[in-house]
Amino acid sequence: MSAPDPDIAQEAIEYAYAQGWSDGLPLVPVSQPLLDRFLAETSRDPDEVIGHMPQVDREVTVRTAAINAAMAGCLPEYFPVVLAAWEGLMRERAAKGGGWQSTSGPAPLIVVNGPIRERLGLNSTGGVFGPGFRANATIPRAIGLIVRNAFGVRPHELEQATQGIPGRWAICFGENEEDSPWAPLAAELGTPGDAVTTTLLRTSEFVDNRHTQDPEQLLGDFADTIGRSGSWIFRHAQVGLVLCPEHAERLAAAGFDRRGVAEWLAERSGRTTAQLALAGKDHADERGVRFPRGDGDPDAFQRTIADPSSMLIAVAGARTAAISMVVRYFADWSGGAVPIEAPVAAAVAG
Amino acid sequence: MVNPILDPTGAAPAKSAGGRAPRRPLRGARVGLLDNTKHNAMLFLQEVGRLLVDEEGAREVSIVETKQNFSVPVDDEIVSRYRAAADLVVTGVGDCGSCSAAAVADGIAFEKAGLPAAVVLTDAFTTTGRMMAGVQGDPDYEWITTEHPMAALTADEVRDRARRLLPEIVRTLTEQAA
């Protein structure tokens, strides 16, 4: 690579800022040749509409998504992952139901399975929720830029996050399949190989539990975090888990599979009506919000999780310590995985 | 030759302003209420409806619906139902990010269809309401603003709020915009 002209590069970066396209960080200015390299990574028609936001009647096409992915700093070969993640999010009720505009300021959780993790250098071990890896950082940023630019949902305008969540447009990692005791997440969902599993998160909360070997003490620790009242606004609050390898191994050794973990937690995560009354959240109607009513059985146990099959349980992170993350959904999760399109050349050859 | 920098926004469809519905007196009018599902919204709207009938001479509350999706503006089908059943509409209460913007779009859609509409938003969502008015091609659209928050009010406080906003709601529904 010959040394580029920094003055021209700076001018182009400032031009993109001036157009209002940026999320705050510098963007890669996109030209037609770069766009063409992105479009060459997919067999899909550049004009195909891959999303419509009824609130503002705006659309996004494969071409527009590619421009935003390139601006975000993606390499062309990341683009099929961006498309799969986007498709997964478009299946989410919350993403179509005003999630991008919400006061909650939710963030997509993007989990990638399959050999593509290695091919793209997608981190699945140490620091998966943090920075340092181009694919992990730029794929979710591309999603954020699509929302901002193609849908026109910008902070302080149509985007009304009260505080938003840490890691918004930055949570994307590979599942640590190599250190997981279980089958890959997407494979268990019926999509083996390269695939994306995604939903919208309200936040992530760590559980550090490294001084016991008892799997039920570990699960009890998760249940306490899952059941806290602050996160409840409706009758139930849906959550998933991103388990570190050590926690996953401890549970698997005791005979738990994903389903077993989810069922244990669904049964035991929650608070009594009396505990919830202390927070003014003791009652919720079927579809309504929680509010203080003060007439329930104080000892009745209210479950946080409505349905254990709604729990997304992934394994990611390093073997360095027993620290996992409870990931709290913005609303719910549609429960599927989206296959990532194979490289176009390989598809032709194959 | 220099390559131009590509635009990432796609072409936004331009919408045209629809104007205001003609106003009519409240006496004898059929009132439509459209609840956006937010906590206290239905109670507020029902109290406004009751006051419009009991104190302002409206004939009846003739249609009350709850939006299936609070974040999405009303479609033609809903607008048609209200046009058939009511002479004017009161809707809200916009007190969240997406529902506030949608409520403004609803008001604009009702006005475009010939139904005078009073839309209520809390003051925390003025900017997003204004953005949505622009998106709908009606940047000067006016709605009624009340203090945030609404969701934490008691039932009595909600009814007080309805009474306090009643004069402005009546003015919005009956007086031609300047």
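These numbers were taken from a predicted model, which means no experiment stands behind them.

Along its length, chain B carries five helices and five strands. The secondary structure elements of chain B, listed N-terminal to C-terminal, are β-α-β-α-β-α-β-α-β-α. Scaling as 2.2 N^0.38, a compact globule of 178 residues should have a C-alpha radius of gyration of about 16 Å, and chain B matches this with 17 Å. Considered along the principal axes of its C-alpha atoms, chain B spans approximately 75 × 35 × 30 Å. Every one of the 178 residues in chain B was classed for burial, and the buried ones make up 51%.

Further remarks concern the side chain of A:Ser102. Residues and elements named next belong to chain A. Tracing the backbone through its elements, the reader meets Ser102 in the loop between helix H5 (93–96) and strand E3 (107–113). A relative accessible area of 10% places Ser102 in the buried class. Sequence-distant contacts of Ser102, defined by excluding residues within four places in its chain, comprise Gln160, Ala161 and Phe330.

Moving on: the sheet that holds strand E4 (residues 117–122) of chain B. All names here are of chain B. The five strands lie next to each other as E2-E1-E3-E4-E5, forming an open sheet whose pairing is parallel. The open sheet has two free edges, formed respectively by strand E2 (60–66) and strand E5 (144–146), since each of these has just one partner strand. Strand-to-strand twist across the sheet, computed as the mean angle between neighbouring axes with direction ignored, equals 20°. Bridge analysis of strand E1 (residues 30–35) against E2 gives six bridges, and the strand direction is parallel. Counterpart to Leu34 in the pairing with E2 is Glu65.

Our next topic: the environment of A:Pro26. Along the chain, the position of A:Pro26 falls in the loop between helix H1 (6–18) and helix H2 (32–39). We classify A:Pro26 as partly exposed; its relative accessible area is 43%.

Counting residues in each nonpolar core, the largest one holds 60 residues, and the members touching the most others are A:Phe79, A:Val82, A:Trp86, A:Trp100 and A:Ile139. Excluding residues that lie within four positions of it along the chain, A:Phe79 makes contacts with A:Phe38, A:Thr42, A:Val62, A:Ala65, A:Ala66 and A:Ala69.

Next up on the list: the pattern of salt bridges. Residues and elements named next belong to chain A. According to the stated counting rule, one finds 34 salt bridges over all chains in the structure shown. We note a salt bridge from Glu175 to Arg258, for which the minimum N-O separation is 2.9 Å. Taken together, the residues Glu175 in the loop between strand E4 (172–174) and helix H8 (185–188) and Arg258 in helix H11 (residues 258–268) connect sequence positions 83 residues apart. A single salt-bridge network, built from bridges that share partners, covers Arg44, Glu48, Glu87 and Arg91.

The rules behind each value
- Residues numbered from 1 in each chain as written.
- Chains lettered and ligands numbered in written order.
- Predicted model: local features only at pLDDT ≥ 70, side-chain atom pairs only at ≥ 80, totals over all residues.
- Heavy atoms only, no water.
- Helix = DSSP H or I, 4+ residues; strand = E, 2+ residues; numbered from the N terminus.
- Rg over C-alpha atoms; globule rule 2.2 N^0.38 Å.
- Buried < 20%, exposed > 50% of the residue type's maximum accessible area, 1.4 Å probe, protein only.
- Contact = heavy atoms within 4.5 Å.
- Pairing = 2+ DSSP bridges.
- Axes fitted to C-alpha atoms, helices over the stretch in contact; angles between N-to-C directions.
- Core = buried A, V, L, I, M, F, W, Y, C linked by side-chain atoms within 4.5 Å.
- Salt bridge = Lys/Arg side-chain N within 4 Å of Asp/Glu carboxyl O.

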